[in-house]
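# Fold and geometry: a report
The lines below spell out each chain.
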Amino acid sequence: ETPRVPKPQWLRVRSPLSPEVDRLKKILRAADLHTVCEEASCPNLGECFGGGTATFMILGDVCTRRCPFCDVAHGRPKPPDSAEPLHLAQTVATMGLRFVVITSVDRDDLRDGGAQHFSQVISALRDHCPDLHIEILVPDFRGRVDKALTALRNTPPDVFNHNLETVPRLYLQARPGADYRHSLNLLAAFKAEHPDIPSKSGLMLGLGEELDEIREVMQDLRQAGCELLTLGQYLSPSRHHLPVARFVPPDEFEILRLDGLAMGFRHVASGPLVRSSYHAERSFHEMTED
Ligand code: SF4
Ligand code: SF4
(Lines give C-alpha, C1' and ligand atoms only; values in the text may rest on other atoms or scores of the structure.)
(Ligands and ions follow the chains in the order given, each with its own letter.)
Protein backbone atom coordinates (compact mmCIF):
# COMPACT_ATOMS: atom_id res chain seq x y z
CA GLU A 1 0.00 0.00 0.00
CA THR A 2 1.25 3.47 -0.85
CA PRO A 3 1.95 5.51 2.28
CA ARG A 4 -0.40 8.45 2.58
CA VAL A 5 1.28 11.83 2.58
CA PRO A 6 -0.15 14.09 5.30
CA LYS A 7 -2.11 17.06 4.05
CA PRO A 8 -0.14 20.29 4.00
CA GLN A 9 -1.35 23.25 6.02
CA TRP A 10 -2.67 25.14 2.98
CA LEU A 11 -5.40 22.54 2.51
CA ARG A 12 -6.68 22.70 6.08
CA VAL A 13 -8.91 25.72 5.71
CA ARG A 14 -12.63 25.97 5.51
CA SER A 15 -14.75 28.91 4.60
CA PRO A 16 -16.92 29.95 7.57
CA LEU A 17 -20.58 28.96 7.77
CA SER A 18 -23.33 31.51 8.29
CA PRO A 19 -27.08 31.81 9.03
CA GLU A 20 -27.68 31.89 5.26
CA VAL A 21 -25.94 28.51 4.90
CA ASP A 22 -28.20 27.12 7.65
CA ARG A 23 -31.27 28.46 5.89
CA LEU A 24 -30.29 26.81 2.60
CA LYS A 25 -29.46 23.50 4.29
CA LYS A 26 -32.89 23.44 5.98
CA ILE A 27 -34.63 23.96 2.63
CA LEU A 28 -32.56 21.17 1.09
CA ARG A 29 -33.43 18.77 3.93
CA ALA A 30 -37.14 19.59 3.67
CA ALA A 31 -37.00 18.90 -0.08
CA ASP A 32 -34.91 15.77 0.45
CA LEU A 33 -32.33 17.10 -2.00
CA HIS A 34 -28.58 16.77 -1.75
CA THR A 35 -25.90 18.95 -3.23
CA VAL A 36 -22.47 17.89 -4.37
CA CYS A 37 -21.23 20.66 -2.07
CA GLU A 38 -22.52 18.82 1.01
CA GLU A 39 -21.95 15.25 -0.16
CA ALA A 40 -18.33 15.95 -0.98
CA SER A 41 -17.89 18.07 2.19
CA CYS A 42 -16.52 20.75 -0.10
CA PRO A 43 -14.29 23.19 1.80
CA ASN A 44 -15.82 26.10 -0.14
CA LEU A 45 -19.39 25.44 0.98
CA GLY A 46 -19.70 28.48 3.23
CA GLU A 47 -18.44 30.79 0.54
CA CYS A 48 -20.52 29.28 -2.29
CA PHE A 49 -23.83 28.89 -0.42
CA GLY A 50 -23.29 32.30 1.15
CA GLY A 51 -22.93 33.75 -2.34
CA GLY A 52 -25.99 31.95 -3.73
CA THR A 53 -24.20 29.21 -5.66
CA ALA A 54 -24.64 25.43 -5.35
CA THR A 55 -23.94 22.30 -7.37
CA PHE A 56 -26.62 19.63 -7.84
CA MET A 57 -26.20 16.12 -9.17
CA ILE A 58 -29.08 14.89 -11.32
CA LEU A 59 -29.86 11.46 -12.78
CA GLY A 60 -29.17 9.61 -9.54
CA ASP A 61 -26.06 8.76 -7.58
CA VAL A 62 -25.01 5.51 -9.24
CA CYS A 63 -22.53 5.72 -12.11
CA THR A 64 -22.03 3.32 -15.01
CA ARG A 65 -18.27 3.94 -14.87
CA ARG A 66 -15.69 3.45 -12.19
CA CYS A 67 -12.96 6.09 -12.16
CA PRO A 68 -10.43 5.28 -9.44
CA PHE A 69 -10.30 8.89 -8.18
CA CYS A 70 -14.05 9.18 -7.71
CA ASP A 71 -16.19 8.39 -4.69
CA VAL A 72 -19.50 7.93 -6.52
CA ALA A 73 -21.09 4.45 -6.29
CA HIS A 74 -20.83 2.21 -9.34
CA GLY A 75 -23.50 -0.10 -10.69
CA ARG A 76 -26.75 -0.15 -12.61
CA PRO A 77 -28.54 3.20 -12.24
CA LYS A 78 -32.31 3.65 -11.98
CA PRO A 79 -34.25 5.17 -14.90
CA PRO A 80 -34.32 8.99 -14.85
CA ASP A 81 -36.86 10.43 -12.40
CA SER A 82 -39.35 12.42 -14.45
CA ALA A 83 -40.33 14.45 -11.39
CA GLU A 84 -36.77 15.60 -10.79
CA PRO A 85 -36.69 18.69 -13.07
CA LEU A 86 -39.72 20.34 -11.45
CA HIS A 87 -38.75 19.34 -7.92
CA LEU A 88 -35.24 20.70 -8.36
CA ALA A 89 -36.47 23.94 -9.95
CA GLN A 90 -38.98 24.58 -7.17
CA THR A 91 -36.31 24.00 -4.55
CA VAL A 92 -33.79 26.28 -6.28
CA ALA A 93 -36.49 28.97 -6.46
CA THR A 94 -37.19 28.64 -2.72
CA MET A 95 -33.50 28.78 -1.97
CA GLY A 96 -33.24 31.96 -4.02
CA LEU A 97 -29.96 30.86 -5.63
CA ARG A 98 -28.31 33.08 -8.25
CA PHE A 99 -26.12 30.48 -9.91
CA VAL A 100 -26.38 26.69 -10.10
CA VAL A 101 -24.10 24.07 -11.50
CA ILE A 102 -25.96 20.97 -12.69
CA THR A 103 -23.93 17.82 -13.06
CA SER A 104 -24.53 14.08 -13.32
CA VAL A 105 -22.95 10.70 -13.15
CA ASP A 106 -22.11 9.00 -16.45
CA ARG A 107 -25.20 7.35 -17.91
CA ASP A 108 -23.79 5.05 -20.54
CA ASP A 109 -27.05 3.09 -20.16
CA LEU A 110 -29.11 5.89 -21.76
CA ARG A 111 -29.24 6.46 -25.52
CA ASP A 112 -28.47 10.17 -25.22
CA GLY A 113 -26.27 9.78 -22.12
CA GLY A 114 -28.89 11.68 -20.11
CA ALA A 115 -28.77 14.88 -22.21
CA GLN A 116 -32.55 15.04 -22.59
CA HIS A 117 -32.89 15.01 -18.82
CA PHE A 118 -30.34 17.84 -18.55
CA SER A 119 -32.46 19.72 -21.07
CA GLN A 120 -35.64 19.19 -19.03
CA VAL A 121 -33.88 20.40 -15.89
CA ILE A 122 -32.69 23.54 -17.68
CA SER A 123 -36.24 24.24 -18.97
CA ALA A 124 -37.76 23.84 -15.53
CA LEU A 125 -35.11 26.10 -13.97
CA ARG A 126 -35.69 28.77 -16.63
CA ASP A 127 -39.46 28.64 -15.96
CA HIS A 128 -39.20 28.87 -12.18
CA CYS A 129 -36.07 30.97 -11.65
CA PRO A 130 -35.92 33.68 -14.33
CA ASP A 131 -32.81 35.42 -12.96
CA LEU A 132 -30.79 32.26 -12.38
CA HIS A 133 -27.65 31.47 -14.33
CA ILE A 134 -27.08 27.82 -15.14
CA GLU A 135 -23.82 25.97 -15.76
CA ILE A 136 -23.97 22.34 -16.80
CA LEU A 137 -21.02 20.09 -16.02
CA VAL A 138 -21.59 17.16 -18.32
CA PRO A 139 -20.21 13.65 -18.74
CA ASP A 140 -18.38 12.89 -21.99
CA PHE A 141 -21.45 11.45 -23.82
CA ARG A 142 -19.02 9.02 -25.43
CA GLY A 143 -20.55 7.45 -28.52
CA ARG A 144 -23.61 9.68 -28.11
CA VAL A 145 -22.34 13.20 -28.80
CA ASP A 146 -24.67 13.94 -31.72
CA LYS A 147 -27.74 12.80 -29.80
CA ALA A 148 -26.63 14.69 -26.71
CA LEU A 149 -25.97 17.98 -28.54
CA THR A 150 -29.30 17.66 -30.34
CA ALA A 151 -31.08 17.18 -27.02
CA LEU A 152 -29.45 20.32 -25.61
CA ARG A 153 -29.91 22.46 -28.71
CA ASN A 154 -33.07 24.30 -27.69
CA THR A 155 -32.26 24.69 -24.01
CA PRO A 156 -28.71 26.01 -23.96
CA PRO A 157 -27.06 26.60 -20.58
CA ASP A 158 -25.21 29.80 -19.66
CA VAL A 159 -21.94 27.89 -19.31
CA PHE A 160 -21.00 24.50 -20.79
CA ASN A 161 -18.45 22.65 -18.67
CA HIS A 162 -16.76 19.33 -19.30
CA ASN A 163 -13.69 18.38 -17.29
CA LEU A 164 -10.66 16.78 -18.88
CA GLU A 165 -9.60 15.91 -15.29
CA THR A 166 -5.98 15.01 -16.09
CA VAL A 167 -3.28 14.92 -18.77
CA PRO A 168 -3.57 12.34 -21.59
CA ARG A 169 -0.65 10.21 -20.32
CA LEU A 170 -2.61 9.46 -17.12
CA TYR A 171 -5.99 8.68 -18.71
CA LEU A 172 -5.60 4.91 -18.66
CA GLN A 173 -4.87 5.05 -14.97
CA ALA A 174 -7.32 7.78 -13.89
CA ARG A 175 -10.14 7.80 -16.48
CA PRO A 176 -10.19 4.24 -17.85
CA GLY A 177 -13.59 4.59 -19.56
CA ALA A 178 -12.76 7.92 -21.19
CA ASP A 179 -10.73 9.22 -24.10
CA TYR A 180 -8.80 12.50 -24.06
CA ARG A 181 -9.38 13.40 -27.72
CA HIS A 182 -13.04 12.56 -27.46
CA SER A 183 -13.47 14.91 -24.51
CA LEU A 184 -11.71 17.72 -26.37
CA ASN A 185 -13.91 17.09 -29.39
CA LEU A 186 -17.03 17.36 -27.25
CA LEU A 187 -15.95 20.82 -26.10
CA ALA A 188 -15.11 21.85 -29.66
CA ALA A 189 -18.40 20.51 -31.03
CA PHE A 190 -20.45 22.41 -28.46
CA LYS A 191 -18.49 25.59 -29.20
CA ALA A 192 -19.05 25.22 -32.93
CA GLU A 193 -22.81 25.10 -32.33
CA HIS A 194 -22.94 27.79 -29.64
CA PRO A 195 -20.07 30.23 -30.22
CA ASP A 196 -21.54 32.75 -27.76
CA ILE A 197 -21.87 30.39 -24.80
CA PRO A 198 -18.75 30.22 -22.62
CA SER A 199 -17.19 26.78 -22.43
CA LYS A 200 -15.17 25.58 -19.53
CA SER A 201 -12.98 22.71 -18.39
CA GLY A 202 -10.88 21.68 -15.47
CA LEU A 203 -8.10 19.44 -14.23
CA MET A 204 -7.17 17.87 -10.92
CA LEU A 205 -3.50 18.30 -10.14
CA GLY A 206 -1.34 16.01 -8.04
CA LEU A 207 -1.88 12.74 -9.94
CA GLY A 208 1.69 12.59 -11.23
CA GLU A 209 1.50 15.03 -14.15
CA GLU A 210 4.31 17.42 -15.11
CA LEU A 211 3.80 21.16 -15.38
CA ASP A 212 4.55 21.12 -19.11
CA GLU A 213 1.96 18.41 -19.68
CA ILE A 214 -0.62 20.62 -18.00
CA ARG A 215 0.39 23.51 -20.24
CA GLU A 216 -0.08 21.30 -23.32
CA VAL A 217 -3.59 20.39 -22.16
CA MET A 218 -4.32 24.08 -21.63
CA GLN A 219 -3.23 24.82 -25.21
CA ASP A 220 -5.42 21.97 -26.50
CA LEU A 221 -8.35 23.48 -24.61
CA ARG A 222 -7.75 26.89 -26.15
CA GLN A 223 -7.70 25.23 -29.57
CA ALA A 224 -11.07 23.69 -28.74
CA GLY A 225 -12.39 27.20 -28.02
CA CYS A 226 -12.49 26.80 -24.27
CA GLU A 227 -12.48 30.11 -22.35
CA LEU A 228 -12.79 29.20 -18.67
CA LEU A 229 -10.48 26.93 -16.70
CA THR A 230 -10.30 25.46 -13.21
CA LEU A 231 -7.22 23.83 -11.69
CA GLY A 232 -7.40 22.27 -8.22
CA GLN A 233 -5.62 19.76 -6.03
CA TYR A 234 -6.74 16.11 -6.27
CA LEU A 235 -7.61 14.69 -2.86
CA SER A 236 -7.99 10.94 -2.53
CA PRO A 237 -11.46 10.08 -1.15
CA SER A 238 -10.11 6.98 0.68
CA ARG A 239 -7.20 4.55 0.78
CA HIS A 240 -9.02 2.46 -1.83
CA HIS A 241 -8.85 5.28 -4.36
CA LEU A 242 -5.99 6.56 -6.47
CA PRO A 243 -3.38 7.98 -4.11
CA VAL A 244 -2.21 11.60 -4.24
CA ALA A 245 1.16 11.69 -5.98
CA ARG A 246 1.95 15.22 -4.89
CA PHE A 247 0.47 18.22 -3.13
CA VAL A 248 1.03 21.05 -5.56
CA PRO A 249 2.10 24.19 -3.69
CA PRO A 250 0.04 27.39 -4.04
CA ASP A 251 2.75 29.25 -5.97
CA GLU A 252 2.68 26.63 -8.76
CA PHE A 253 -1.07 27.06 -9.05
CA GLU A 254 -0.48 30.80 -9.37
CA ILE A 255 2.12 30.29 -12.13
CA LEU A 256 -0.37 28.14 -14.05
CA ARG A 257 -3.11 30.73 -13.54
CA LEU A 258 -0.93 33.41 -15.12
CA ASP A 259 0.08 31.03 -17.93
CA GLY A 260 -3.60 30.39 -18.61
CA LEU A 261 -4.43 34.07 -18.84
CA ALA A 262 -1.46 34.57 -21.19
CA MET A 263 -2.84 31.78 -23.40
CA GLY A 264 -6.13 33.64 -23.69
CA PHE A 265 -8.40 32.00 -21.10
CA ARG A 266 -10.87 34.62 -19.90
CA HIS A 267 -10.89 33.33 -16.33
CA VAL A 268 -8.68 30.81 -14.57
CA ALA A 269 -9.53 29.61 -11.06
CA SER A 270 -6.33 27.90 -9.92
CA GLY A 271 -5.51 26.91 -6.35
CA PRO A 272 -5.33 23.96 -3.98
CA LEU A 273 -9.00 24.19 -2.93
CA VAL A 274 -10.44 25.08 -6.32
CA ARG A 275 -13.21 22.76 -7.49
CA SER A 276 -14.83 22.67 -10.89
CA SER A 277 -17.66 24.88 -9.66
CA TYR A 278 -15.61 27.24 -7.49
CA HIS A 279 -16.18 30.91 -8.38
CA ALA A 280 -18.42 29.70 -11.20
CA GLU A 281 -20.56 32.82 -11.05
CA ARG A 282 -17.55 35.13 -11.01
CA SER A 283 -15.96 33.46 -14.03
CA PHE A 284 -19.27 33.60 -15.89
CA HIS A 285 -19.61 37.33 -15.27
CA GLU A 286 -16.05 38.00 -16.34
CA MET A 287 -16.95 36.43 -19.66
CA THR A 288 -20.07 38.48 -20.18
CA GLU A 289 -19.15 41.87 -18.77
CA ASP A 290 -17.50 43.30 -21.85
FE1 SF4 B 1 -20.33 23.46 -4.12
FE2 SF4 B 1 -18.58 23.71 -6.10
FE3 SF4 B 1 -18.80 25.60 -4.26
FE4 SF4 B 1 -17.73 23.27 -3.61
S5 SF4 B 1 -16.87 24.77 -5.05
S6 SF4 B 1 -19.25 24.40 -2.41
S7 SF4 B 1 -18.94 21.87 -4.86
S8 SF4 B 1 -20.38 25.02 -5.72
FE1 SF4 C 1 -17.15 9.45 -10.99
FE2 SF4 C 1 -17.76 10.69 -13.27
FE3 SF4 C 1 -16.03 8.63 -13.27
FE4 SF4 C 1 -18.64 8.23 -12.82
S5 SF4 C 1 -17.68 8.98 -14.74
S6 SF4 C 1 -16.96 7.31 -11.68
S7 SF4 C 1 -19.19 10.07 -11.64
S8 SF4 C 1 -15.75 10.65 -12.29
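Parameters at a glance
Residues numbered from 1 in each chain as written. Chains lettered and ligands numbered in written order. Predicted model: local features only at pLDDT ≥ 70, side-chain atom pairs only at ≥ 80, totals over all residues. Heavy atoms only, no water. Near = heavy atom within 4 Å. Nonpolar A, V, L, I, M, F, W, Y, C, P; charged D, E, K, R; others polar. Helix = DSSP H or I, 4+ residues; strand = E, 2+ residues; numbered from the N terminus. Contact = heavy atoms within 4.5 Å. Pairing = 2+ DSSP bridges. Axes fitted to C-alpha atoms, helices over the stretch in contact; angles between N-to-C directions. Core = buried A, V, L, I, M, F, W, Y, C linked by side-chain atoms within 4.5 Å. Buried < 20%, exposed > 50% of the residue type's maximum accessible area, 1.4 Å probe, protein only. Arc of directions from axis to C-beta.

Next up on the list: the site of ligand 1. In the neighbourhood of ligand 1, the contacting residues comprise Cys 37, Cys 42, Asn 44, Leu 45, Cys 48, Thr 55, Arg 275, Ser 277 and Tyr 278. For the shell around ligand 1, the residue count by class is 5 nonpolar, 3 polar and 1 charged.

With that out of the way, let us pick up the side chain of Thr 230. Its location among the elements puts Thr 230 in strand E8 (residues 228-233). Here Thr 230 is in contact with Lys 200, Ser 201, Gly 202, Leu 203, Ala 269, Val 274, Arg 275 and Ser 276, once residues within four sequence places are set aside.

Spatial strand order, E1-E4-E5-E6-E7-E8-E9: 7 strands in an open sheet with parallel pairing. For this open sheet the edge positions go to strand E1 (53-58) and strand E9 (267-270), each flanked by a neighbour on one side alone. Adjacent strand axes in the sheet meet at a mean angle of 20 degrees, parallel and antiparallel pairs treated alike. Pairing analysis gives 2 bridges linking strand E6 (residues 159-161) to strand E7 (residues 199-205), with the strands arranged parallel. Within the sheet, the bridge partner assigned to Phe 160 lies in E7 and is Ser 199. Across the sheet, helix H9 (residues 211-223) is in contact with E7 and E8; its angle to E7 comes to roughly 170 degrees.

Membership of the largest hydrophobic core comes to 76 residues, with the highest contact counts inside it found for Phe 56, Ile 102, Leu 125 and Leu 221. A per-element tally of this core places helix H5 (residues 115-128) first, with 6 residues. Setting aside anything within four residues of it in sequence, one finds Leu 221 in contact with Leu 164, Leu 184, Leu 187, Ser 201, Leu 203, Cys 226, Leu 229 and Phe 265.

In this section: the site of ligand 2. For ligand 2, the full set of nearby residues is Cys 63, Arg 65, Cys 67, Phe 69, Cys 70 and Asp 106. The residue inventory of the shell around ligand 2, partitioned by class, reads 4 nonpolar, no polar and 2 charged.

Take helix H11 (residues 280-288) next. Restricting attention to buried positions, one finds in H11 the residues Ala 280, Glu 281, Ser 283, Phe 284 and Met 287. On an axial view of H11, the arc spanned by its buried residues comes to 165 degrees, and they lie on one face.

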